[in-house]
Amino acid sequence: MKNKNLDSVVFVGEVDAGKSALVDQLISQDANTGKTQAPIYYPGKVIDTPGEFIVNRALNGALLTTICNVKTIVLVHPANAKNFSSSSGLLRVYSNKNIVGVISKVDASGADVDRAIKLLRQNGIPEPYFKTSIFDPKSIEQLSHYLLSLQQPVLA
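In what follows, the accompanying structure is described.

Scoring rules and cut-offs
Residues numbered from 1 in each chain as written. Predicted model: local features only at pLDDT ≥ 70, side-chain atom pairs only at ≥ 80, totals over all residues. Heavy atoms only, no water. 1 Å grid on protein atoms, 1.4 Å probe; cavity = no way out; pocket = protein on both sides within 12 Å on 5 of 7 lines; lining within 4 Å. Points joined across faces, edges and corners; volume = space filled by probe spheres on them. Nonpolar A, V, L, I, M, F, W, Y, C, P; charged D, E, K, R; others polar. Helix = DSSP H or I, 4+ residues; strand = E, 2+ residues; numbered from the N terminus. Buried < 20%, exposed > 50% of the residue type's maximum accessible area, 1.4 Å probe, protein only. Contact = heavy atoms within 4.5 Å. Arc of directions from axis to C-beta. Polar contact = N/O pair within 3.5 Å; in protein donor to acceptor, adjacent residues only side chain to side chain. Phe/Tyr/Trp six-rings, centres within 6.5 Å; stacked < 30°, edge-to-face > 60°. Lys NZ or Arg CZ within 6 Å of the ring centre and 35° of its normal.

## Some remarks on the layout of surface pockets
Counted as a void, the largest pocket has a volume near 200 Å³. Taken together, 13 residues line the largest pocket, and the ones lying closest to its centre are Asp-16, Gly-18, Lys-19, Ser-20 and Thr-36. Here the lining of the largest pocket is built from residues that sort into 4 nonpolar, 6 polar and 3 charged.

Following this line, the structure appears as structure tokens:
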């Protein structure tokens with residue numbers, strides 16, 4: 001289920017984590033955007049950020065500025081990554097944000113989902129974690145449903 005109704009969501013993660021490919025699947029974006037050099041803003045306030053915002057500490061300020069007005073931060077962590085790239089606590093600077101952990105590239109060579117889960121837990125990324133592959137529509141649909149559920153107003 002591809003969805004164009006996501007609102008107020010930013011995708012962050014290291015270089016080559018699969019953020020742009022995931023965004024393309026979630027919002028039915030057909031254009032191949034290539035390497036993300038600057039934040040890309042899609043309708044509905046969906047933002048795709050460059051991986052350098054996470055891995056280059058000098059650009060953390062640019063990341064914080066980009067995420068300040070969104071409701072949900074999606075941290076995309078590739079299953080084949082050996083380390084956690086983000087500074088500890090960086091994504092929790094704003095206490096009013098939903099943080100969603102996504103393990104991407106679960107079908108990639110060298111993928112280790114258990115290691116990815118351990119790294120996310122060690123760095124305070126809350127569960128549930130979504131294990132995704134852009135080649136598995138069901139995994140994209142599960143993530144989409146969850147992100148849409150976070151947008152629903154809470155009735156008192």
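## Things to note about unusual backbone geometry
In the segment running from Glu-127 into Pro-128, the intervening peptide bond is cis, with an omega of 10°. Counting through the fold element by element, Pro-128 comes out in the loop between α4 (113–122) and β6 (129–131). Phi at Asp-16 takes a positive value of approximately 70°, unusual for a residue other than glycine. For Asp-16, the location among the structural elements is in the loop between β1 (9–12) and α1 (19–26). The exposure class assigned to Asp-16 is exposed, which follows from its relative accessible area of 58%. A positive phi angle, close to 55°, is found at Lys-105, a residue other than glycine. Counting through the fold element by element, Lys-105 comes out in the loop between β5 (98–104) and α4. Of the residues examined, Lys-105 reaches a relative accessible area of 22% and is grouped as partly exposed.

## A few points about the environment of Ile-47
With respect to the helices and strands, Ile-47 occurs in strand β3 (residues 46–48). Taking the C-alpha atoms as reference, Ile-47 lies 23 Å from Val-106; in sequence the two are 59 residues apart. Leave out the neighbours within four places in its chain, and Ile-47 touches Val-9, Val-10, Phe-11, Pro-39, Ile-40, Tyr-41, Thr-66 and Val-70.

## Comments concerning α4
Within α4 the residues assigned to the buried category are Ala-116, Ile-117, Leu-119 and Leu-120. Summarising the axial view, the buried residues of α4 lie within an arc of 165°, below the 170-degree limit, and thus occupy one face. In α4, the exposed positions angled more than 90 degrees off the buried face are occupied by Asp-114, Lys-118 and Gln-122. Those residues of α4 that are buried are in contact with β4 (72–78), β5 and β6. Taking the backbone nitrogen of Asp-114 as reference, a side-chain oxygen 3.3 Å away marks Asp-112 as the first, capping residue of α4.

## Quick notes on the packing of aromatic side chains
Scanning the model with the defined rule gives 1 aromatic pair in all. A centroid spacing of 4.8 Å and a plane angle of 40° characterise the contact between Phe-130 and Tyr-146, whose relative ring orientation is tilted. Note that Phe-130 is positioned in strand β6 and Tyr-146 in helix α5 (residues 137–151), a separation of 16 residues in sequence. Given a relative accessible area of 13%, Phe-130 falls into the buried group. Residue class for Tyr-146 comes out partly exposed when judged on its relative accessible area of 27%. Of note, Lys-97 hangs over the ring of Tyr-94, and the distance from its end group to the ring centre comes to 5.3 Å.

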